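# Inside the fold
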Amino acid sequence: MFRSRPVLTGALSLAFSLAVMTPVAAPARAQDGGMWQVYIAGVPLSCASYYGEPVRIYMTRDLNNVGIATRVQNGQPIIVMNPDVLARFQPLVQVWWFAHECGHHALGPYNSETNADCWGVRVLRDQGFIRNVYDLQAFAYDLSSLPGSAVGHLPGPQRAQNVINCSLT
Ligand SMILES: [Zn+2]
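Reading guide: rules and limits
- Residues numbered from 1 in each chain as written.
- Predicted model: local features only at pLDDT ≥ 70, side-chain atom pairs only at ≥ 80, totals over all residues.
- Helix = DSSP H or I, 4+ residues; strand = E, 2+ residues; numbered from the N terminus.
- Buried ≥ 20, exposed ≤ 12 C-beta atoms within 10 Å, placed from the backbone.
- Contact = placed C-beta atoms within 7 Å.
- Pairing = 2+ DSSP bridges.
- Axes fitted to C-alpha atoms, helices over the stretch in contact; angles between N-to-C directions.
- Core = buried A, V, L, I, M, F, W, Y, C linked by C-beta atoms within 7 Å.
- pLDDT = per-residue confidence, 0-100.
- Expected span 1.5 Å × (residues − 1).
- Arc of directions from axis to C-beta.

Moving on to the overall build of the protein chain. When helices and strands are tallied, the protein chain shows six helices and five strands. Counted from the first residue to the last, the protein chain has its helices and strands arranged as α-β-β-β-β-β-α-α-α-α-α. When the 169 residues of the protein chain are sorted by exposure, 36% land in the buried category. A separation of at least 24 residues holds for 55% of the contacts in the protein chain among residues at least 6 apart in sequence.

The structure is reproduced here in structure tokens:
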């Protein structure tokens, strides 16, 4: 769906600056299979932490979640995404999921689930992926059915509303 939208296509070349302008390290693939840049819904994406660390990215169908952001034993920040779960969402929301996980690293001391939701949609907005209120309907459709959680995910309808509010402020 992204590729059929001319305005959005124009934004794609900018997209790899998502998450605070990390120059993409070469080679794109780290020795352990992690990557510095991935394509999600056709958009090249990379991530840097609040502290300026490049974030290594893994795509695996073994993850029991759409995505996680964590640090590995040596302290390096990583993002893990499940492409099968991602595929259940609309393209804009797929990119937002990555931005959400990146937000967990990019927010540093301000990290929380709701802040990561908010940060993610603002990055998408600022990079031209959200052009009008109709684009926001993707979040209302795709997030409303999600459950909340004890670790701070808002219940779906409130989560969608928070994301939409963030994009407008
Ligand atoms: Zn999260």
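One open sheet accounts for three strands, arranged E3-E5-E4; its pairing is mixed. Looking at which strands have only one partner, the edges of the open sheet turn out to be strand E3 (56-59) and strand E4 (67-71). Within this sheet the neighbouring strands show an average axis-to-axis angle of 20°, counted without direction. Sheet topology note: the E3/strand E5 (residues 77-81) ladder contains four bridges and is parallel. Note on E5: the bridge partner recorded for Tyr58 is Val80.

The next thing to look at is the environment of Ala140. Checked against the element boundaries, Ala140 lands in helix H5 (residues 137-143). Classification of Ala140 as partly exposed rests on a count of 14 C-beta atoms within 10 Å. Note: C-alpha distance between Ala140 and Gln158 (18 residues apart in sequence) is 9.5 Å. In contact with Ala140, other than residues within four places in its own chain, are Ala160 and Ile164.

A few words now on the nonpolar core. Ranked by internal contacts, the top residues of the largest apolar core, which has 36 residues, are Val95, Trp96, Phe98 and Leu124. Sorting the residues of this core by element identifies strand E1 (38-40), strand E2 (43-45), E5, helix H3 (91-106), helix H4 (113-126), H5 and helix H6 (156-167) as the ones contributing at least two each. With nine residues, the top contributor of residues to this core is H3. Discounting residues that sit within four places of it in the chain, Val95 has contacts with Ile40, Ala41, Val43, Leu45, Leu124 and Phe129.

Scored by pLDDT, the protein chain comes out at a mean of 85, with 81% of its residues at no less than 70. The low-confidence segment residues 1-17 (pLDDT under 50) makes 25 contacts with residues lying over four places distant or belonging to another chain. For residues 19-26, every residue scores under 50 in pLDDT, and the model assigns this stretch 18 contacts once sequence neighbours within four places are set aside.

So, about H6. Taking 1.5 Å as the rise per residue, H6 with 12 residues should run 16 Å; its terminal C-alpha atoms sit 17 Å apart, in good agreement. Every buried residue belonging to H6 is among Arg159, Ala160, Val163 and Ser167, and all of these are buried. Looking down the long axis of H6, one finds its buried residues gathered within 100° of arc, a one-sided arrangement. Contacts made by the buried residues of H6 are with H4 and H5.

Given a rise of 1.5 Å per residue, 16 residues ought to cover 22 Å, and the 22 Å separating the end C-alpha atoms of H3 matches this to within 8%. In terms of burial, H3 is largely enclosed, as 16 of its 16 residues are buried. Phi for Gly108, located one or two positions after H3, is positive at around 50°.

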